[in-house]
Amino acid sequence: MTLSFPASRLRATLKKLAALYADMDKAYTAAASAAGLDCAGCAENCCLSFFQHHTLVEWLYLQKGLAALPEDRRTGYERRAREYVDAAREAASRGETPRLMCPVNDDGLCGLYEHRLMICRLHGVPNVLLGSMGVREFPGCGPCQRLADGRELKAMDRTPLLRRLAGLEMELWGSKPGRPPKVDLTLAEMIVAGPPGK
Ligand code: SF4
Ligand code: SF4
C-alpha cells in the first residue's frame, strides 16, 4: 500500500511527537530518580532486547532521524539492520527469541538518541498500562528489580503517554478511509523497509 501524508500535517504531527517524547523523557527521569536507577555502567544492555514498535508516526520519526545522518553512518546502520533482520529470522526459526544488539547501537551508545522510539524511552522503571483488557504491569528491568530488593516502587503510569501517541497516529491518518495499518516491526525492520508505504 502506498502511504503519503500532506507535508504540513506530517510536519505538525512529528513536531507534536517530539513534544510527547520530551514528556516521556521527563516522566522517565522522575521515575528512575525516585527508584535510584541509573543506566550508567549497566552491564545488562537492554538494547539487546527484542522489541517491536507499533505506529506509523514513530516509524516516520525514526526515518527522519536516519535521513539527517551523514551518508556513511546511515548506510552502516542499514547494513547492520539487514544483518539483524536475517539473524532474527534465523533465531525465530529455531524457536528462540532473538537477542541481538540493536543495529544503531555504537559501542553501547545510541546512534539515534534524539530519534529513539517510545519503548527505548520508557523501558527500565516499573510501569503500568490501563487498557480495555485491564491493568498491565511491568516490573522494570532486571537491575531495577534488584535495586528494589523487595521494596514496592511506585509504578509510572504509561497510559496517558500511550493515549497521546495513539492520538497522534490518528491525527496523522486524518480523514483517510479506514484505520491506520497495524505495525509490528522491530527497529531493524523499519530501517530495512524504508519509510512506511514505500
Ligand atoms: S534500563 Fe535497566 S537494563 Fe537498560 S541500561 Fe538502564 S539499568 Fe540497564
Ligand atoms: S534505538 Fe537506541 S536506545 Fe533504542 S535499542 Fe537502539 S540503540 Fe538502544
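Preceding block: the structure.
Here we summarise the structure given alongside this text.

What counts and how
- Residues numbered from 1 in each chain as written.
- Chains lettered and ligands numbered in written order.
- Predicted model: local features only at pLDDT ≥ 70, side-chain atom pairs only at ≥ 80, totals over all residues.
- Heavy atoms only, no water.
- Near = heavy atom within 4 Å.
- 1 Å grid on protein atoms, 1.4 Å probe; cavity = no way out; pocket = protein on both sides within 12 Å on 5 of 7 lines; lining within 4 Å.
- Sits in = over half its atoms within 2 Å of the grid points.
- Nonpolar A, V, L, I, M, F, W, Y, C, P; charged D, E, K, R; others polar.
- Core = buried A, V, L, I, M, F, W, Y, C linked by side-chain atoms within 4.5 Å.
- Buried < 20%, exposed > 50% of the residue type's maximum accessible area, 1.4 Å probe, protein only.
- Helix = DSSP H or I, 4+ residues; strand = E, 2+ residues; numbered from the N terminus.
- Contact = heavy atoms within 4.5 Å.
- Pairing = 2+ DSSP bridges.
- Axes fitted to C-alpha atoms, helices over the stretch in contact; angles between N-to-C directions.
- Points joined across faces, edges and corners; volume = space filled by probe spheres on them.

## A short note on the site of ligand 1
Every residue near ligand 1 is listed here: Y28, L37, C39, C42, E44, C46, H123, G124, C141 and P143. Here ligand 1 is seated within the largest pocket. Looking at the shell around ligand 1 residue by residue, the class counts come to seven nonpolar, two polar and one charged.

## Observations regarding the nonpolar core
Counting 49 residues, the largest nonpolar core has L17, L37 and L56 as the members making the most contacts within it. At the level of secondary structure, the elements contributing two or more residues to this core comprise α1 (7-35), α2 (56-67), α3 (71-93), α4 (118-122), α5 (142-148), α6 (159-173) and α7 (187-193). With nine residues, the top contributor of residues to this core is α1. Beyond its immediate sequence surroundings of up to four residues, L17 is in contact with V57, E58, Y61, L165 and L168.

## Overview of the environment of R80
Looking at where R80 falls in the secondary structure, it is placed in helix α3. With a relative accessible area of 26%, R80 lands in the partly exposed category. In sequence terms R80 and V192 are 112 residues apart; their C-alpha atoms lie 9.4 Å from each other. Those residues within four positions of R80 in sequence are excluded, and the remaining contacts are P103, V104, N105 and D106.

## Remarks on the sheet that holds strand β3 (residues 127-131)
Strand order in the open sheet made by the three strands is β4-β3-β5, with mixed pairing throughout. What marks the edges here is a single partner per strand, and that holds for β4 (134-138) and β5 (156-157). Two strands pair when backbone bridges link them, and β3 and β5 are joined in this way by two bridges, in the parallel orientation. Looking at the pairing, V128 lines up with D157 of β5. Those strands touched by α6 are β3 and β5, and its axis lies near 55° from that of β3.

## As for the side chain of H53
Along the chain, H53 falls in the loop between α1 and α2. Owing to a relative accessible area of 3%, H53 belongs among the buried residues under this scheme. Those residues in contact with H53 that sit more than four places away from it in its chain are L117, I119, V183, D184, L185, T186, L187 and M190.

## Observations regarding the environment of L37
By the secondary structure assignment, L37 is in the loop between α1 and α2. L37 sits in the buried class, given a relative accessible area of 15%.

## Focus on the layout of surface pockets
Quantified by volume, the largest pocket comes out at close to 930 Å³. Forming the boundary of the largest pocket are 37 residues, of which C39, N45, C46, C47 and C120 lie nearest the centre. Only α1, β2 (109-110), α4 and α7 provide two or more residues apiece to the lining of the largest pocket. For the lining of the largest pocket, the per-class residue count stands at 22 nonpolar, 10 polar and five charged. Put simply, the second largest pocket is a space of about 710 Å³. Contributing to the lining of the second largest pocket are 26 residues, with H54, T55, L162, L165 and A166 lying nearest its centre.

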